[in-house]
Amino acid sequence: MFIDYHVHTSFSDDSEYPMEEVIKKAISLGINEICFTDHVDYDIKIDHDIFRQMNDEEKVRYEKVLNVNYPDYFKEIEILKNKYKDRIIIKKGLEFGIQTHTVEKFRN
């Protein structure tokens, strides 16, 4: 089996690759299974629910340091899993970055 379990999309700030285009490319390469693992880096980036509450000035400052928009991310994965179910296995995940000084905070 040809598998890639470390795939980033436009949901991460280090990629501009639309999720469906990733899937089409994987299929064209003969990949049987992929797992989306877009970035979540707490204490470095902020979540979209916090971002939505910011004023316009704050949003400009923070728009490049956002964690995955979880509802949109998981919704799109489910839609595409169903659309391409006969051609590729699509799994969902997150690349969870943690800093050593925040470990205790996230254990709680």
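Residues numbered from 1 in each chain as written. Predicted model: local features only at pLDDT ≥ 70, side-chain atom pairs only at ≥ 80, totals over all residues. Heavy atoms only, no water.

Chemist: An account of a nonpolar patch on the surface is needed here, citing residue identities and associated values.
Modeler: Taken together, the side chains of Met-1, Ile-3, Tyr-5 and Ile-89 present a nonpolar region at the surface, about 420 Å² in accessible area. The exposure class of Ile-3 is partly exposed, given its relative accessible area of 37%. (Patch = residues over 30% accessible without salt bridge, like charges linked within 9 Å, V, L, I, M, F, W, Y side chains within 5 Å. Areas by Shrake-Rupley, 256 points an atom, 1.4 Å probe, with all protein chains shown as cover. Salt bridge = Lys/Arg side-chain N within 4 Å of Asp/Glu carboxyl O. Buried < 20%, exposed > 50% of the residue type's maximum accessible area, 1.4 Å probe, protein only.)

Chemist: Outline helix H4 (residues 70–83), supporting the account with residue identities and numerical values.
Modeler: The end-to-end C-alpha separation of H4 is 20 Å, in line with the 20 Å expected for 14 residues at 1.5 Å each. Every buried residue of H4 is accounted for by Tyr-73, Ile-77 and Leu-80. Projected down its long axis, H4 carries its buried residues within an arc of 75°, all on one side. More than 90 degrees from the buried face of H4, the exposed residues found are Pro-71, Lys-75, Asn-82 and Lys-83. Check the buried side of H4 and you find it contacts helix H1 (19–28), strand E2 (33–41) and strand E3 (89–97). (Helix = DSSP H or I, 4+ residues; strand = E, 2+ residues; numbered from the N terminus. Expected span 1.5 Å × (residues − 1). Arc of directions from axis to C-beta. Contact = heavy atoms within 4.5 Å.)

Chemist: I'd like to hear about the nonpolar core, residue by residue, with values.
Modeler: Residues Ile-23, Ile-34, Phe-36, Ile-88 and Ile-90 are the most contacted members of the largest nonpolar core, which totals 18 residues. If you list the elements that add at least two residues to this core, you get H1, E2 and H4. Beyond its immediate sequence surroundings of up to four residues, Phe-36 is in contact with Val-7, Thr-9, Met-19, Val-22, Ile-23, Tyr-73, Ile-77, Ile-90, Lys-91, Lys-92, Gly-93 and Leu-94. (Core = buried A, V, L, I, M, F, W, Y, C linked by side-chain atoms within 4.5 Å.)

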